[in-house]
Amino acid sequence: MIHIALDVKAPVVKTLQGMGKGVDRMMEQTIREAQRMVIKTAKEKYLSGPRPGRLGAITKRLRGSIEGPPPRKTGNRWQVIVGTRVHYARIHELGGKIKPKTGEYLAIPLSKRFKGIPLRQIPNTFVRPLKNDPDRLIVFQKYDVERQRRPAAGKGRVVRSAGEGFTVEKLTPVAILQKSVKMPKRPFLGPALRDNRA
C-alpha cells in the first residue's frame, strides 16, 4: 500500500486541549474533512489527466481505491492516512524502472490488436534487433496476401507468382521487446496533499 500521512504535532494538540472537552471531537472532524479534501483532489485533479504531467487514469480501479482509515490519536498526536492498495500505484506516484517478472524481456504491444495476447500465441512471428538499439528487439508477424497485381516497391515481397496473380509476403510489427522500461513519475497523492495545505 502506498500512503501519505498528515500529522498534527503535539504542541498544537496541547494548546487545543486547554480549550475544553469538545476539542477532540472537533479536531477529529476537522482532520476527517482534510482527509476527504485530499482524496477528492487526488481523484478529480491528478487522476483525471491530461497526460503526460498527470496520470489520466484509464480505468476506475486506481481512482476508486483511494481511501483512508479514520484519524488516529496517539498521546498528543493525531494522524490521518490517505492511500491505496492497488499494486501499481507506487510506480505511478514515485516513478522507477519496470523489469520483467519472468523471462528476459518486457513485451510492449505496438497495436491494440495484439494487446493482452502472449507472443507465443501469435502465429508466424520472428524477432529482429532494432538497428539503432541492439538491446531492443522487434517482433514481426509474417503472412501471405494474394494479389492480382504486382505490389508497389516497399509494399511487400513477392514470394510466388502464378499466371495472373501474385502471393505477397507482408510483415506486421507486433511488439517491442525491452529488458526494462523507465516509468516517469505522475504523482497524485503528494500533490493532492500540497494543494490542500492551509
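Keep in mind the model is a prediction, meaning the values are calculated, not measured. (Residues numbered from 1 in each chain as written. Predicted model: local features only at pLDDT ≥ 70, side-chain atom pairs only at ≥ 80, totals over all residues. Heavy atoms only, no water.)

J.: Explain the side chain of Ser-65 here, please?
T.: Tracing the backbone through its elements, the reader meets Ser-65 in helix H3 (residues 61-65). Exposure remark for Ser-65: the relative accessible area of 15% places this residue in the buried category. With near-sequence residues (within four places) excluded, Ser-65 lies in contact with Gly-83, Thr-84 and Val-86. (Helix = DSSP H or I, 4+ residues; strand = E, 2+ residues; numbered from the N terminus. Buried < 20%, exposed > 50% of the residue type's maximum accessible area, 1.4 Å probe, protein only. Contact = heavy atoms within 4.5 Å.)

J.: I would appreciate a short explanation of the packing of aromatic side chains in the present structure.
T.: We describe a pair of aromatic rings using the distance from one ring centre to the other and the angle between the two ring planes. Within the structure shown, the criterion is met by one aromatic pair. Taken together, a centroid distance of 5.6 Å and an interplanar angle of 25 degrees make the contact between Phe-126 and Phe-140 stacked. One end of the pair, Phe-126, is in strand S6 (residues 125-129); the other, Phe-140, is in strand S7 (residues 137-147), and 14 residues separate them in sequence. Of the residues examined, Phe-140 reaches a relative accessible area of 18% and is grouped as buried. (Phe/Tyr/Trp six-rings, centres within 6.5 Å; stacked < 30°, edge-to-face > 60°.)

J.: Sorry if this is basic, but what is going on with the layout of surface pockets here?
T.: If you roll a probe as big as a water molecule over the atoms, it shows you where there is empty space left. Its volume calculated, the largest pocket comes out at about 1,400 Å³. If you go around the largest pocket, you meet 36 residues; those closest to its centre are Ile-98, Leu-106, Ala-107, Ile-108 and Pro-109. For the lining of the largest pocket, the elements supplying multiple residues, two or more each, are helix H4 (89-94), strand S5 (106-109), strand S9 (165-178) and strand S10 (181-183). In terms of residue count, the dominant contributor to the lining of the largest pocket is S5 (four residues). Across the lining of the largest pocket, the residue classes tally to 22 nonpolar, eight polar and six charged. (1 Å grid on protein atoms, 1.4 Å probe; cavity = no way out; pocket = protein on both sides within 12 Å on 5 of 7 lines; lining within 4 Å. Points joined across faces, edges and corners; volume = space filled by probe spheres on them. Nonpolar A, V, L, I, M, F, W, Y, C, P; charged D, E, K, R; others polar.)

J.: Any chance you could explain the nonpolar core here in plain terms?
T.: Considering soluble globular proteins, one finds that nonpolar side chains tend to be buried as a cluster. Core analysis: the largest hydrophobic core is formed by 15 residues, its most contacted members being Leu-47, Leu-62, Ile-66, Val-82, Phe-188 and Leu-189. By residue number, the principal contributor to this core is helix H2 (residues 23-46), which donates four residues. (Core = buried A, V, L, I, M, F, W, Y, C linked by side-chain atoms within 4.5 Å.)

J.: Just to check I follow, could you spell out the pairing of strand S3 (residues 77-84) for this structure?
T.: Residues in a regular strand point their side chains to alternate faces of the sheet. Counting buried positions along S3 gives six out of eight residues, so the element sits mostly inside the fold. Judged from the three bridges that link them, strand S2 (residues 72-74) and S3 form a sheet pairing that is antiparallel. When the sheet's bridge partners are listed, Lys-73 is paired in S3 with Trp-78. Between S2 and the antiparallel strand that follows it, S3, lie two residues; Gly-75 among them carries a positive phi value of about 65 degrees. (Pairing = 2+ DSSP bridges.)

J.: What am I meant to see in H2 here?
T.: Helical geometry: 3.6 residues make up each α-helical turn, so side chains three or four residues apart lie on a common side. The terminal C-alpha atoms of H2, which comprises 24 residues, lie 33 Å apart, in line with the 34 Å expected from a rise of 1.5 Å per residue. Looking only at H2, the buried set comprises Val-23, Met-27, Ile-31, Gln-35, Val-38, Ile-39, Thr-41, Ala-42 and Tyr-46. (Expected span 1.5 Å × (residues − 1).)

J.: Could you clarify how one ought to interpret the pattern of salt bridges in this entry?
T.: Note on pairing: side chains with opposite charge can pair once their charged atoms come close. On inspection of all chains with the given rule, the structure shows four salt bridges. Across the salt bridge formed by Lys-45 and Asp-195, the nearest N and O atoms sit 2.9 Å from each other. Highlighted residues: Lys-45 in helix H2 and Asp-195 in helix H5 (residues 189-195), separated in sequence by 150 residues. With relative accessibility at 37%, the residue Asp-195 sits in the partly exposed group. (Salt bridge = Lys/Arg side-chain N within 4 Å of Asp/Glu carboxyl O.)

J.: When you look at unusual backbone geometry in this model, what are you seeing that I'm missing?
T.: The bulk of non-glycine residues show a negative phi, and the bulk of peptide bonds are trans. Positive phi, normally seen in glycine, also occurs at Asn-124, with a value near 55 degrees. Within the secondary structure layout, Asn-124 lies in the loop between S5 and S6.

J.: I'm lost on the environment of Lys-97 in this one. Help?
T.: Tracing the chain through its elements places Lys-97 in strand S4 (residues 96-98). As a C-alpha pair, Lys-97 and Pro-184 span 87 residues in sequence and 8.8 Å in three-dimensional space. The residues touching Lys-97, leaving out its near neighbours within four places in the chain, are Ile-91, Ser-180, Val-181 and Lys-182.

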